[in-house]
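# An overview of the molecular structure
Spelled out, the chains give:
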Amino acid sequence: MPNLLYLSVSSRGEGSHSRQAGACMMAWMERRYGPLAVIARDLAANPPPHIDGPMARASLMPPAERGPAEHAALALSETLIGELEAADVVLISTPMHNFTVPSALKAWIDHVVRPNRTFRSTPAGKVGLLADRPVLAVVSCGGPFHDGPGSQRDLMTPYLQYVFGSVGITQVEVLRMENMARGADFVACGFERLEAWTGSLAIRAA
Ligand SMILES: Cc1cc2nc3c(=O)[nH]c(=O)nc-3n(C[C@H](O)[C@H](O)[C@H](O)COP(=O)(O)O)c2cc1C
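Scope of this entry: the structure provided in the associated data block. (Residues numbered from 1 in each chain as written. Predicted model: local features only at pLDDT ≥ 70, side-chain atom pairs only at ≥ 80, totals over all residues. Heavy atoms only, no water.)

## Brief notes about the packing of helix α4 (residues 75–86) against helix α5 (residues 103–112)
What counts is decided by this rule: For every element, the axis is a line fit to its C-alpha atoms; helices are fit only across the contacting stretch, and the angle between N-to-C directions ranges from 0 to 180 degrees. The secondary structure listing takes helices from DSSP runs of H or I that are at least 4 residues long and strands from runs of E that are at least 2 residues long, numbered from the N terminus. Each angle gets one of four labels, with under 35 degrees taken as roughly parallel, over 145 as roughly antiparallel, 65 to 115 as roughly perpendicular, and the rest as oblique. Two residues qualify as a contact provided that any one of their heavy atoms is within 4.5 Å of a heavy atom in the partner residue. Classification convention: Asp, Glu, Lys, Arg as charged; Ala, Val, Leu, Ile, Met, Phe, Trp, Tyr, Cys, Pro as nonpolar; all other residues, Gly among them, as polar.
Viewed as axis vectors pointing N to C, α4 and α5 meet at an angle of 90°, and their least axial separation amounts to 8 Å. As the angle between them shows, α4 and α5 are arranged roughly perpendicular. Listed contacts from α5 to Leu 76, Ser 77, Leu 80, Ile 81 and Leu 84 of α4 are Trp 108, His 111 and Val 112. Here the residues of the contact of α4 with α5 sort into six nonpolar, two polar and no charged.

Quick look at the structure:
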């Protein structure tokens, strides 16, 4: 049975379009792969804390010098990395906030992308230490992205691909559902695009 790590991020509860899209994705994955062993992380209900001084110091010091206080400071990070390592597939449902990831998802990333744990710094840049696996992200956005009045720059899709790439995860597929705050017709269009997207995905869950 494939292990699925499901990160949900919206704070809008049942009214959340990205959570509804995440539920559609879960149903699609179960139809395609059978039962899933799901680890669900609701980052809105339980946001990881910002990186504080003790965590930053413990993260950057040589592992052999860490004592009980440093291990305690890294405990949540270890738990979150363990969940990621155990996942055959990662599903993320999230809104876009100010052109990029909401701060709760950024905090999760800050706990998971760690020197000498999930990546190594080399003269040629960061080398990821995790095995590759698919990451599927459905992103709900209030406004538009195509040319025309009010269109925005998407910093989130390249960011997600780049930051997961830095730990060795290169199979990052992102669906941006646009104009989701602009009424029912746009919302319907977003979910039609979600269905077409699932039809086009060629992921393999172990
Ligand atoms: C703090 C905040 C920042 C936002 N920034 C953007 C943005 O930069 N671009 C955009 O298109 N929508 C933005 N939105 C709108 C949400 O992305 C949009 O309403 C989305 O569909 C909400 O997803 P949800 O229904 O899953 O909560 C923002 C919303 C909030 C609350």
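Let us keep going from here.
## A short note on the packing of helix α1 (residues 17–33) against helix α7 (residues 184–200)
Formally: Crossing handedness: left-handed means the near helix sits turned counterclockwise from the far one by under a right angle, and right-handed means the same turn made clockwise.
Where α1 meets α7, the closest approach of the two axes is 11 Å, and the angle between their N-to-C directions is 25°. As summarised for this structure, α1 and α7 are arranged roughly parallel, according to the angle between their axes. Note that α1 runs across α7; the crossing there is right-handed. Contacts between α1 and α7 involve His 17, Gln 20, Ala 21, Cys 24, Met 25, Trp 28 and Arg 32 on the former and, on the latter, Val 187, Phe 191, Leu 194, Trp 197 and Thr 198. Here the contact of α1 with α7 is built from residues that sort into eight nonpolar, three polar and one charged.

## Remarks on the site of the ligand
What counts here: Residues are labelled near a given molecule or strand when at least one of their non-hydrogen atoms is within 4 Å of it. Whenever a nitrogen or oxygen atom comes within 3.5 Å of another N or O atom, the pair is scored as a polar contact, on the condition that within protein one atom can donate a hydrogen and the other can accept it, and that pairs from neighbouring residues in sequence are kept only if both atoms are in side chains. Note on areas: Shrake-Rupley with a 1.4 Å probe; residue coverage comes only from the protein chains shown.
Near the ligand there are 16 residues, and of these Ser 10, Ser 16, Ser 18, Met 96 and Ser 140 occur at the shortest range. Between the ligand and Arg 12 there is a distance of 2.7 Å, counted from an oxygen atom to a side-chain nitrogen or oxygen. Within the side chain of Ser 140, a nitrogen or oxygen atom sits 2.5 Å from an oxygen atom of the ligand. Notes on the ligand: free accessible area 650 Å², of which the protein chains cover 74%. The residue inventory of the shell around the ligand, partitioned by class, reads five nonpolar, ten polar and one charged.

## Some details on the nonpolar core
Quick reminder of the rule: Here, nonpolar core refers to any group of buried Ala, Val, Leu, Ile, Met, Phe, Trp, Tyr and Cys residues whose side-chain atoms link them within 4.5 Å. Each residue is placed in one exposure class: buried if its accessible area under a 1.4 Å probe, protein chains only, is under 20% of its type's maximum, exposed if it is over 50%, and partly exposed if it falls in between.
Core analysis: the largest hydrophobic core is formed by 33 residues, its most contacted members being Leu 84, Ile 92, Leu 105, Trp 108, Phe 164 and Ile 169. Mapped onto this core, the elements with two or more residues apiece are β1 (3–8), α4, β3 (89–95), α5, β6 (134–140), α6 (156–166) and β7 (171–177). Take this core: its biggest share by element is five residues, from α5. Setting aside its immediate chain neighbours within four residues, Ile 92 contacts Leu 7, Val 9, Leu 105, Val 135, Leu 136, Ala 137, Val 138 and Phe 164.

## Regarding the sheet that holds strand β2 (residues 37–42)
The criterion, for reference: We treat two strands as partners when DSSP finds at least two bridges between them.
With parallel pairing, five strands are arranged side by side in an open sheet as β2-β1-β3-β6-β7. The sheet is open, and its two edges are formed by β2 and β7, each paired on a single side. Adjacent strand axes in the sheet meet at a mean angle of 15°, parallel and antiparallel pairs treated alike. Bridge analysis of β3 against β6 gives six bridges, and the strand direction is parallel. Within β6, the position partnered with Thr 94 by the bridge is Val 139.

## Describing the pairing of β6
For clarity, the threshold we go by: The definition of a right-handed crossover adopted here requires that, viewed with the strands pointing away, the path from the first strand over the helix to the second runs clockwise.
Along β6, seven of the seven residues are buried, which leaves the element largely enclosed by surrounding structure. Residues Pro 134, Leu 136, Val 138 and Ser 140 line one face of β6 and the alternating positions Val 135, Ala 137 and Val 139 line the opposite face, and both faces are buried. Two elements, β6 and β7, share seven bridges in a ladder whose sense is parallel. Its bridge partner being in β7, Leu 136 is matched across the sheet by Glu 173. With respect to chirality, the unit in which β6 leads through α6 into the neighbouring parallel β7 is right-handed.

## Section: unusual backbone geometry
In this structure, Phe 99 takes a positive phi of about 75° despite not being glycine. Relative to the elements of secondary structure, Phe 99 occurs in the loop between β3 and α5. Phe 99 sits in the partly exposed class, given a relative accessible area of 38%. Positive phi outside glycine occurs at Asn 179, with the angle close to 60°. Mapped onto the elements of the fold, Asn 179 is located in the loop between β7 and α7.

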